[in-house]
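# Reading the structure
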Amino acid sequence: MIRSVLSLARPCVARRAALGVRWMAIGSEEQNTIKLTFGSPGEAFYNEVDVSSINVVTMDGHVGLEPSHVPLLAALVPGVLSVTETDGKDTKFFVSSGGLTVNGDSSVQILAEEAVPLDQLDAQAIKVGMDAARTQEQNARTERESAEAEINMMAWESLSSAGSSE
């Protein structure tokens, strides 16, 4: 199966190279900014706003996005998403999970399951949540309960470290 997919891809890549086709969108110019759309089901934070750069945590690790970044699809994991606006201001959010799309025209779409500006995190509520997650971990009796408790604890740890990096 993999061989058949690769054999189909090679002619396509060769044709692109022979025609001088660039991986960026046809007719696109070198971009100086990223056009960012970022939100969660409850709130839109950016709607096609020009920004300088974005740093985000994906399943493959930390990713820094600059204008004219190669196209990319990625799954977000719990962590801090940082947006550097064109005036140099950094705005940071805690993101629980979601999806990232980077297009060849330097537009980026980020849809988060949950997103909260770091300055709105409540340190006391995080501490209470971590304590409850520890109790859940200690009281787990089945393999499923243990796995759920471990995921819960990892989420609270990510939230805690995001709150302390404010």
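The shown structure was predicted, so the numbers you read here are calculated from the model rather than taken from an experiment.

For the structure shown, the criterion picks out 4 aromatic pairs. On the numbers, 6.3 Å between centres and 75 degrees between planes, the contact of Tyr46 with Phe93 is edge-to-face. You can see Tyr46 sitting in strand β2 (residues 43-58) and its partner Phe93 sitting in strand β6 (residues 90-95), a full 47 residues away along the chain. Residues Tyr46 and Phe93 agree in their burial class; the two are buried.

This part is about the pattern of salt bridges. A full pass over the atoms with the stated rule returns 4 salt bridges. Linking Asp50 and Lys35 is a salt bridge whose minimum nitrogen-to-oxygen distance equals 3.1 Å. Placement of the pair is Asp50 in strand β2 and Lys35 in strand β1 (residues 34-40), with a sequence separation of 15 residues. Two residues, Asp131 and Arg134, come together in a salt bridge whose shortest N-O distance is 3.1 Å. Residue Asp131 and its partner Arg134 are both found in helix α2 (residues 123-139); the two are separated by 3 residues, about one turn of the helix. The partly exposed category is assigned to Asp131, whose relative accessible area is 33%.

For the rest of this paragraph, the subject is the packing of α2 against helix α3 (residues 143-164). Across the interface, α2 lies against α3 with an axial gap of 9 Å and an inter-helix angle of 160 degrees. For the element pair α2 / α3, the angle class is roughly antiparallel. For the crossing formed where α2 meets α3, the hand is left-handed. In this structure, α2 contributes Ala125, Ile126, Gly129, Met130, Ala133, Arg134, Gln136, Glu137 and Asn139 to the contact, and α3 contributes Glu145, Glu148, Ala149, Glu150, Asn152, Met153, Trp156, Glu157, Leu159 and Ser160. Considered class by class, the residues forming the contact of α2 with α3 number 8 nonpolar, 5 polar and 6 charged.

When its volume is computed, the largest pocket comes out at roughly 180 Å³. In terms of lining residues, the largest pocket is bounded by Pro78, Phe94, Ser96, Glu114, Ala115, Val116, Leu121, Asn152, Ala155, Trp156 and Leu159. Elements that contribute at least two residues to the lining of the largest pocket include exactly β9 (115-117) and α3. It is α3 that provides the largest number of residues to the lining of the largest pocket, a total of 4 residues. Of the residues assigned to the lining of the largest pocket, the class counts are 8 nonpolar, 2 polar and 1 charged.

The rules behind each value
- Residues numbered from 1 in each chain as written.
- Predicted model: local features only at pLDDT ≥ 70, side-chain atom pairs only at ≥ 80, totals over all residues.
- Heavy atoms only, no water.
- Phe/Tyr/Trp six-rings, centres within 6.5 Å; stacked < 30°, edge-to-face > 60°.
- Helix = DSSP H or I, 4+ residues; strand = E, 2+ residues; numbered from the N terminus.
- Buried < 20%, exposed > 50% of the residue type's maximum accessible area, 1.4 Å probe, protein only.
- Salt bridge = Lys/Arg side-chain N within 4 Å of Asp/Glu carboxyl O.
- Axes fitted to C-alpha atoms, helices over the stretch in contact; angles between N-to-C directions.
- Parallel < 35°, antiparallel > 145°, perpendicular 65-115°, else oblique.
- Left-handed = near helix turned anticlockwise from the far one by under 90°.
- Contact = heavy atoms within 4.5 Å.
- Nonpolar A, V, L, I, M, F, W, Y, C, P; charged D, E, K, R; others polar.
- 1 Å grid on protein atoms, 1.4 Å probe; cavity = no way out; pocket = protein on both sides within 12 Å on 5 of 7 lines; lining within 4 Å.
- Points joined across faces, edges and corners; volume = space filled by probe spheres on them.

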